[in-house]
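What follows is each chain in one-letter form.
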Amino acid sequence: MSTALVNFIRELYQSNEFIPLHAPSFRGNELQYVSETIKSTFVSSVGKFVDEFERKIEDFTGTVKAVATVNGTAALHSALYMAGVHAGDVVITQPLTFVATCNALYHMGAEPVFVDISTNTLSLCPAALSQFLQQQARIDDQGCYLKSSGQRIRAVMPMHTFGHPAALDELMQICQQWQLILIEDAAESLGSYYKNRHTGTIGQFGALSFNGNKIITTGGGGMLLCAGLKDGERAKHLTTTAKVPHRWEFYHDEPGFNYRLPNLNAALGCAQMESLSYFLAQKRQLARQYQAFFADTDYQFVDEPAQCQANFWLNAVICPDLRSRDKLLHSTNDANVMTRPVWQLMHQLPAFKHAIRGSLAIAEDLAQRLVNLPSSVPEAF
Ligand SMILES: *Cc1c(COP(=O)(O)O)cnc(C)c1O
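Residues numbered from 1 in each chain as written. Predicted model: local features only at pLDDT ≥ 70, side-chain atom pairs only at ≥ 80, totals over all residues. Heavy atoms only, no water.

Q: Any chance you could explain the overall build of the protein here in plain terms?
A: Along its length, the protein carries twelve helices and 16 strands. Relative to a compact globule of 381 residues, whose C-alpha radius of gyration would be 21 Å, the protein shows 21 Å and is just as compact. Dimensions of the protein along its principal axes, counting C-alpha atoms only, are 65 × 60 × 35 Å. The 381 residues of the protein split such that 56% are buried. The contacts of the protein with a sequence gap of at least 6 include a subset with a gap of at least 24, amounting to 70%. Working note: accessible area of the protein is about 15,900 Å², and carbon and sulfur atoms make up 51% of it. (Helix = DSSP H or I, 4+ residues; strand = E, 2+ residues; numbered from the N terminus. Rg over C-alpha atoms; globule rule 2.2 N^0.38 Å. Buried < 20%, exposed > 50% of the residue type's maximum accessible area, 1.4 Å probe, protein only. Contact = heavy atoms within 4.5 Å. Areas by Shrake-Rupley, 256 points an atom, 1.4 Å probe, with all protein chains shown as cover.)

In structure tokens, the structure reads:
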């Protein structure tokens, strides 16, 4: 398997050099737009590219209001703040995610509760969520609470793993039934659709990331997607220090955040958006090639869930067992082809090891068998 895979990947990328997991691709107006901000001196918190980037994301995703932020974690933090998550509350999420999901709610003074993922989406499992709530939650006029501790369950935050959409209709229905706010961690899923609706736009809030390894990058950056116009306007106000507009007065009507994306980064984002459709087409083609390679092996390529269109941000394969996974990781990395196991599960990190949880059997099994494969757009490096 390993030698054949290394040869296959080298053929895909036409390279005998180091092959990274995900490199950005700057093939359009990136240099021109970034230079424009430098020449104009508007590199920081004022400039036309921030608004332009927000409009482009609104047009592309169909969200009501997009608010650019300094990174994806800041977008998640803003979403939780906007959702009214308070210190002592809990937020239900999945154990298989990047740590930013949990860090954002930790810094709200909230605690994560972990519920298992589905095999077919690698994201939060509606059946597991429903079962957890039936067993461990109660609902009254005020809201939804954990029976054991009395803590308020405020929100459910699924993450669209590697760009594969979670089962959003089912999750939304459960959230409505239990009076919970759905916040989508869509950091990895720009260009992914659930039943023709863009991920991050179905819950009340969604968060995108434009970190260097994501499908498009602004160096560092993120975007808060708001389903409500009022929420969007307040989020914009809050993330830009809550300053009331005035020609010279500095008056701030509530404690705000300085989460605004600099114009310099937004310029890069505007240029990257011009290539997004191209990246998506290239990544889909790459995914199909991997899928064909793994067909008829006992390694299972992670394909998009039914009725969904994934962006195939990071391709992944499920190995038969831990031993074959380790062998694959060793031989590919030894051959200068980067592959990676999935993140350490959140309930196994020191900060979250005491978190309340349902059965996490599927996440625990898959975490031992998943491997991410090089997924850059072929000409990226
Ligand atoms: C990348 C990512 C984020 C946000 O990361 P930033 O580096 O803060 O932009 C959040 N959640 C997930 C799942 C991610 O992959």
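Further notes follow.
Q: Got a minute to help me understand the environment of T41 in this structure?
A: Within the secondary structure, T41 is located in the loop between helix 2 (30–40) and helix 3 (48–61). Owing to a relative accessible area of 61%, T41 belongs among the exposed residues under this scheme. Along the primary structure T41 and L264 are separated by 223 residues, whereas in three dimensions their C-alpha atoms are 9.6 Å apart.

Q: Is there a simple way to explain a nonpolar patch on the surface in this structure?
A: There is a patch of nonpolar side chains on the surface, built from I38, V43 and L264 and spanning about 220 Å² of accessible area. Topologically, L264 is positioned in helix 9 (residues 263–273). (Patch = residues over 30% accessible without salt bridge, like charges linked within 9 Å, V, L, I, M, F, W, Y side chains within 5 Å. Salt bridge = Lys/Arg side-chain N within 4 Å of Asp/Glu carboxyl O.)

Q: How should I be thinking about the pattern of salt bridges in this particular structure?
A: Between side chains of opposite charge, a pair can form as their charged atoms come close. A complete count under the given rule lists 14 salt bridges for this structure. The salt bridge partner of K48 is E36, with a shortest N-O separation of 3.1 Å. Here K48, found in helix 3, pairs with E36, found in helix 2; they are twelve residues apart in sequence, far enough to count as distant. Residue classification places K48 among the partly exposed residues on the basis of a relative accessible area of 48%. When its relative accessible area of 31% is taken as the criterion, E36 is described as partly exposed. Among the charged side chains, a salt-bridge network with shared partners connects E54, R55, E58 and K236.

Q: Sorry if this is basic, but what is going on with the site of the ligand here?
A: In the vicinity of the ligand there are 16 residues, among which G72, T73, E188, S209 and K214 approach most closely. Interatomic distance of 2.5 Å between a side-chain N/O atom of T73 and an oxygen atom of the ligand. Between the ligand and D185 there is a distance of 2.9 Å, counted from a nitrogen atom to a side-chain nitrogen or oxygen. Relative to its free-state accessible area of 380 Å², the ligand is covered by the protein chains to the extent of 91%. It is helix 4 (residues 72–82) that provides the largest number of residues to the shell around the ligand, a total of three residues. Taken together, the residues of the shell around the ligand sort by class into five nonpolar, eight polar and three charged. (Near = heavy atom within 4 Å. Polar contact = N/O pair within 3.5 Å; in protein donor to acceptor, adjacent residues only side chain to side chain. Nonpolar A, V, L, I, M, F, W, Y, C, P; charged D, E, K, R; others polar.)

Q: What am I meant to see in helix 6 (residues 126–136) here?
A: The α-helix winds at 3.6 residues per turn, so residues separated by three or four positions along the chain end up facing the same way. P126, A128, L129, S130, F132 and L133 are the residues of helix 6 that are buried. As for helix 6, its buried residues are in contact with strand 2 (90–93), strand 3 (111–114), strand 4 (137–139), strand 5 (144–146), strand 6 (153–157) and helix 7 (168–177).

Q: Hey, could you run me through the packing of aromatic side chains in this one?
A: We describe a pair of aromatic rings using the distance from one ring centre to the other and the angle between the two ring planes. Applying the stated criterion across every chain, the model contains twelve aromatic pairs. Here Y81 and F257 contribute two aromatic rings whose centre-to-centre distance is 5.1 Å and whose plane-to-plane angle is 85 degrees, an arrangement assigned as edge-to-face. Of this pair, Y81 sits in helix 4 while F257 sits in the loop between helix 8 (229–239) and helix 9; the two residues are 176 residues apart in sequence, bridging distant segments of the chain. Given a relative accessible area of 28%, Y81 falls into the partly exposed group. Counting every residue linked through ring pairs, the aromatic cluster contains F8, Y290, F293, F294 and Y299. (Phe/Tyr/Trp six-rings, centres within 6.5 Å; stacked < 30°, edge-to-face > 60°.)

Q: Just checking my understanding: could you explain the nonpolar core for this structure?
A: Soluble, globular proteins show a tendency: their nonpolar side chains are buried together. With 43 residues, the main nonpolar core has F53, I57, F162, L190, M223 and L370 as its most contacted residues. Elements that contribute at least two residues to this core include exactly helix 3, strand 1 (65–69), strand 11 (222–226), helix 9, helix 10 (276–294), strand 14 (315–318) and helix 12 (361–367). Looking at which element gives the most residues to this core, the answer is helix 9, with five residues. Not counting chain neighbours up to four residues away, the residues in contact with F53 comprise F210, I216, T218, M223, L261, A266, G269, C270 and M273. (Core = buried A, V, L, I, M, F, W, Y, C linked by side-chain atoms within 4.5 Å.)

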